Amino acid sequence: MVVFTCNSCGESVKKAQVETHVLKCRSCQVLSCIDCGKDFWGDDYKNHIKCISEDQKYGGKDFQPKENKGDVKQQQWIQ
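Residues numbered from 1 in each chain as written. Predicted model: local features only at pLDDT ≥ 70, side-chain atom pairs only at ≥ 80, totals over all residues. Heavy atoms only, no water.

Brief notes about the pattern of salt bridges
Argument step 1. Summed over all chains, the structure comprises one salt bridge.
Argument step 2. Between Lys46 and Glu19 there is a salt bridge, with its nearest N and O atoms 3.9 Å apart. Pair noted here: Lys46 is in the loop between strand S4 (39-41) and helix H2 (54-58) and Glu19 is in helix H1 (residues 18-24), with a separation of 27 residues, a long-range link. (Salt bridge = Lys/Arg side-chain N within 4 Å of Asp/Glu carboxyl O. Helix = DSSP H or I, 4+ residues; strand = E, 2+ residues; numbered from the N terminus.)

Quick notes on the sheet that holds strand S2 (residues 12-14)
Argument step 1. Ordered by their spatial adjacency, four strands build an open sheet running S2-S1-S3-S4, and the pairing between neighbours is antiparallel. Of all the strands in the sheet, the pair left with one neighbour each is S2 and S4. Averaged over all pairs of adjacent strands, the angle between their axes in this sheet comes to 35 degrees, without regard to strand direction.
Argument step 2. Here three bridges tie strand S3 (residues 30-33) to S4, and the two strands are oriented antiparallel to one another. When the sheet's bridge partners are listed, Val30 is paired in S4 with Trp41. (Pairing = 2+ DSSP bridges. Axes fitted to C-alpha atoms, helices over the stretch in contact; angles between N-to-C directions.)

Section: the nonpolar core
Argument step 1. Val2, Phe4, Cys6, Val13, Val18, Cys25, Cys28, Leu31, Cys33, Phe40 and Tyr45 form the largest nonpolar core, which has 11 residues in total.
Argument step 2. At the level of secondary structure, the elements contributing two or more residues to this core comprise strand S1 (3-6) and S3.
Argument step 3. Ignoring sequence-local partners within four residues, the contact set of Cys28 consists of Cys6, Ser8, His21 and Val22. (Core = buried A, V, L, I, M, F, W, Y, C linked by side-chain atoms within 4.5 Å. Buried < 20%, exposed > 50% of the residue type's maximum accessible area, 1.4 Å probe, protein only. Contact = heavy atoms within 4.5 Å.)

Right, here's the structure in full:
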């Protein structure tokens, strides 16, 4: 689940709640992803579907990600 921080008021907002937050917080122009720290202007947050995992974030420089079985099966099905 992707969670953003409003750079205007500092509130943490889940992706599904961003549009209602923008209606409340009129000065909200930039949202930052809590996990990866990237800034998203305007509606750019909608393209941010998947983010780094907690293991990647805290795994260090030698981290080797494990393959997600669900993603592997999905890619095989698509092909």
